[in-house]
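# Analysis of the macromolecular model
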Amino acid sequence: MRYYSTRNKTEAVGFAAAALTGLAPDGGLFVPGEIPEYSRAVKSSLGSMSYQDIALETIKLYVEDDIPGVILEELVRAAYPFGSPLVGVGDRLVLELFHGPTAAFKDFGARFMARAFSYLRRGEDKPLRILVATSGDTGGAVADGFFGVEGISVTVLYPKGRVSPLQERQIAGLGGNISALAVQGSFDDCQRLVKAAFADAELRKRLELSSANSINIARLIPQAVYYAAAAGKAFAGKLDEDGPATPRKPNAAPAPAYRLQNTPITLCVPSGNFGNLTAGLYALKMGAPIKRFIAATNINRTVPDYLESGNYETRLSQATISNAMDVGAPSNFERMSAHFSWEQMRRIILGASVTDDDTRKTIKAVHDEYGYFLDPHSAVGWRAVDQLKSLKAFDDSPLAILATAHPAKFAETAENLTGPLPVPPSLKKAMERKAAALTISAELSALKEVLV
Ligand SMILES: *Cc1c(COP(=O)(O)O)cnc(C)c1O
């Protein structure tokens, strides 16, 4: 498989180069020359395969020139001791993507990327130093994903005092090959510092630097897996049991859509930077039984507006309670439009935008009715479906909402609306850690001093 920059279709690189460089030299994003298709045998057995087996069959099509099958199998088995349960809640399905160590879907991408980097860098004597700026969620997933991975160390920069206590412990509580810098400034300062570090000749000579941000193709590809797994499961008429971290009332009716076997599913994706939805589009192109997508955003509605009007207008982001989706200029839009025209997108994606007020009402209503806890991001997805249903925008075929984080991650919002939340063991463990970060001023000289 060859990868091209979204801005230059003539020069191609392999998976290793695309993953390790992250951003193309011309500032574009790497995309596969063509999206591969599952074999007929895989397509027809998606509903009965394990998560790890679907991961293997999906990812190998993108990486086989650079990662041999036996190695990939090891990577995938180590990366995914957890899967993505599809459970029924009332009249719909929920695809729970929060069973990884940091309780958000970013674990799926980060854990594969970490292991792939480690393999692709084998035999290099200089260790790789990953720099990440985070506003909260990404830093935790990247730190956890790379924790203990050989030959790589990670430095996470976060705005001091502006992440939650849980997020701070996830970022700064691991130690080992993960170090944390609390920057006296904003998230934008953190991002500026990382960019300045990459542009600094002395640092680049001294250290082997790389990034792990969300536009990396190695984070995107493994996210196609849970789409294929969910679509295959629903097509086969199967559902998972809910676990102790996500109880429901015994009287929460099993979703009637569950009985509609052999019908492609509609998937509603709470979106910010649109990496998640782009991975879904890949799964659809690969042949997973997906009917269409719903792009659910908070009031940062750049993409729903584009779907409606055909004009793409980025804007400044506005703060909301679903803050991991506060993006006014989604970076993966460039990738979506490299593969699909506006007309094509309109045929397969419905857009909807949800206010904070409606998000809160939804968290409360779903808990009151079904005993099920939604985090603010997943509640945006739930509400988007309600809005489109009232417009009669789609039929009664099976429909699942992607639950992108466990509600306990956003307890300060959800708990007021639902009462005490069940806390998964991984988050309990993180809360017991002690955050140990070095505080630095928001200046390159300060960052350079601590990067040794
Ligand atoms: C990152 C994130 C999102 C947004 O995902 P994108 O791929 O950026 O669209 C949604 N929900 C949660 C909980 C997240 O952490």
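As shown above, the structure is provided for reference.
Below: a short report on this structure. Per-chain numbering applies: the sequence of each chain, read as written, is numbered from 1 onward. The predicted nature of this model means local features are confined to residues of pLDDT at least 70 and side-chain atom pairs, given and counted, to a pLDDT of 80 or more, with totals for whole chains, interfaces and linings taken over all residues. Hydrogens and water are ignored here; the side-chain numbers use all heavy atoms of the structure.

Further remarks concern the overall build of the protein. Helical segments are the DSSP runs of H or I of at least four residues, strand segments are the runs of E of at least two, and each set is numbered from the N terminus. From N to C terminus, the protein includes 20 helices and 14 strands. Taking 22 Å as the expected radius of gyration for a compact globule of 452 residues, we find that the protein reaches 21 Å, a close match to that expectation. With the C-alpha coordinates aligned to their principal axes, the bounding extent of the protein is approximately 60 × 50 × 45 Å. Burial statistics for the protein: of 452 residues in total, 58% are counted as buried. In the protein, once contacts between residues fewer than 6 apart in sequence are set aside, the share between residues at least 24 apart is 77%. What sets the accessible areas is the Shrake-Rupley method with a 1.4 Å probe; for residues, cover comes only from the shown protein chains. With an accessible surface of roughly 18,000 Å², the protein has 50% of that area assigned to carbon and sulfur atoms. Our radius of gyration looks at C-alpha atoms and nothing else; its globule reference is 2.2 Å times the residue count to the power 0.38. Partly exposed residues are those whose accessible area sits between 20% and 50% of the maximum for their type, while under 20% is buried and over 50% is exposed, using a 1.4 Å probe and protein chains only. Any pair of residues with heavy atoms lying within 4.5 Å of one another is described as a contacting pair.

Across the sheet, six strands lie side by side as β4-β5-β13-β10-β11-β12; this open sheet has mixed pairing. The open sheet has two edge strands with one neighbour each: β4 (86–89) and β12 (349–353). Direction aside, the axes of adjacent strands within the sheet are offset by 25° on average. By this definition, two strands are paired if DSSP reports at least two bridges between them. Bridge count between β4 and strand β5 (residues 92–96): four bridges; the pairing is antiparallel. Helix axes are fitted only over the stretch in contact, all axes being lines through C-alpha atoms; the angle between N-to-C directions runs from 0 to 180 degrees.

Counting buried positions along β12 yields four of five residues, so the element is predominantly enclosed. Pairing geometry for strand β11 (residues 290–297) and β12, over five bridges, is parallel. By the bridge assignment, Ala296 is partnered in β12 with Ala352.

Any residue with a heavy atom positioned within 4 Å of a molecule or strand is treated as near that molecule or strand. Every one of the 15 residues lining the ligand counts as a neighbour, but Lys106, Asp137, Gly272, Asn273 and Thr404 are closest to it. Side-chain atoms alone can form a polar contact between residues adjacent in sequence; in general such a contact is a pair of N or O atoms within 3.5 Å, and within protein one must be able to donate a hydrogen while the other accepts it. A distance of 2.8 Å is found between an oxygen atom of the ligand and a side-chain nitrogen or oxygen belonging to Asp137. For the ligand, whose free accessible area comes to 380 Å², the fraction covered by protein is 95%. Looking at the shell around the ligand residue by residue, the classes come out as six nonpolar, seven polar and two charged. Classification used: nonpolar for Ala, Val, Leu, Ile, Met, Phe, Trp, Tyr, Cys and Pro, charged for Asp, Glu, Lys and Arg, polar for all others including Gly.

So, on to the packing of aromatic side chains. Think of it this way: a Phe, Tyr or Trp ring, Trp meaning its six-membered ring, pairs with another when their centres are within 6.5 Å, and the plane angle makes it stacked under 30 degrees, edge-to-face over 60, tilted otherwise. Scanning the model with the defined rule gives 15 aromatic pairs in all. Here the aromatic rings of Phe82 and Phe108 are separated by 5.2 Å at their centres, their planes lie at 70°, and the arrangement is edge-to-face. Of this pair, Phe82 sits in the loop between α4 (69–79) and β4 while Phe108 sits in helix α5 (residues 106–120), placing them 26 residues apart in sequence. By the burial criterion, Phe82 is buried, and Phe108 matches it. Ring plane angle 85° and centroid distance 5.9 Å describe the contact between Tyr306 and Tyr312, whose orientation is recorded as edge-to-face. Residue classification places Tyr306 among the buried positions, given a relative accessible area of 8%. Grouping aromatic residues by their ring pairs yields a cluster made of Tyr51, Tyr80, Phe82, Phe108, Tyr226, Tyr227 and Phe293. When the NZ atom of lysine or the CZ atom of arginine is within 6 Å of a ring's centre and also within 35 degrees of its normal, the charge is said to sit over that ring. The ring of Trp382 is capped by Arg92, whose NZ or CZ atom sits 4.2 Å from the centre of that ring. Over the aromatic face of Tyr119 sits the side chain of Arg122, whose NZ or CZ is 4.1 Å from the ring centroid.

A few words on the side chain of Gln52. If you trace the backbone, Gln52 turns up in helix α3 (residues 51–63). Within the structure, Gln52 has its side chain in polar contact with the backbone oxygen of Tyr80 (distance 2.9 Å). If near-sequence neighbours (up to four positions away) are discounted, Gln52 is found in contact with Val76, Arg77, Tyr80 and Pro81.

The next subject is the environment of Pro407. Mapped onto the elements, Pro407 comes out in the loop between β13 (399–403) and α18 (411–418). A relative accessible area of 1% places Pro407 in the buried class. The spacing of Pro407 and His377 is 30 residues in sequence and 9.0 Å in space, taken between C-alpha atoms. If we ignore the near neighbours within four places in the chain, the residues touching Pro407 are Phe373, Leu374, Asp375, Ala414 and Leu421.

Once that is clear, we can look at α5. For a helix, the expected span equals 1.5 Å multiplied by the number of residues minus one. Its 15 residues give α5 an end-to-end C-alpha distance of 21 Å, which sits within 8% of 21 Å, the value for a rise of 1.5 Å per residue. Counting buried residues in α5 gives 14 out of 15 residues, a clear majority hidden from the surface.

Once that is clear, we can look at unusual backbone geometry. Of note, the phi angle at Ala103 is positive, near 65°, even though the residue is not glycine. Note that Ala103 resides in the loop between β5 and α5. In this structure Ala103 comes out as buried when scored by relative accessible area, which is 0%. The backbone of Asn262 shows a phi angle near 60°, a positive value even though the residue is not glycine. Within the secondary structure, Asn262 is located in the loop between α11 (224–235) and β10 (265–270).

Structural measurements only, silent on function.
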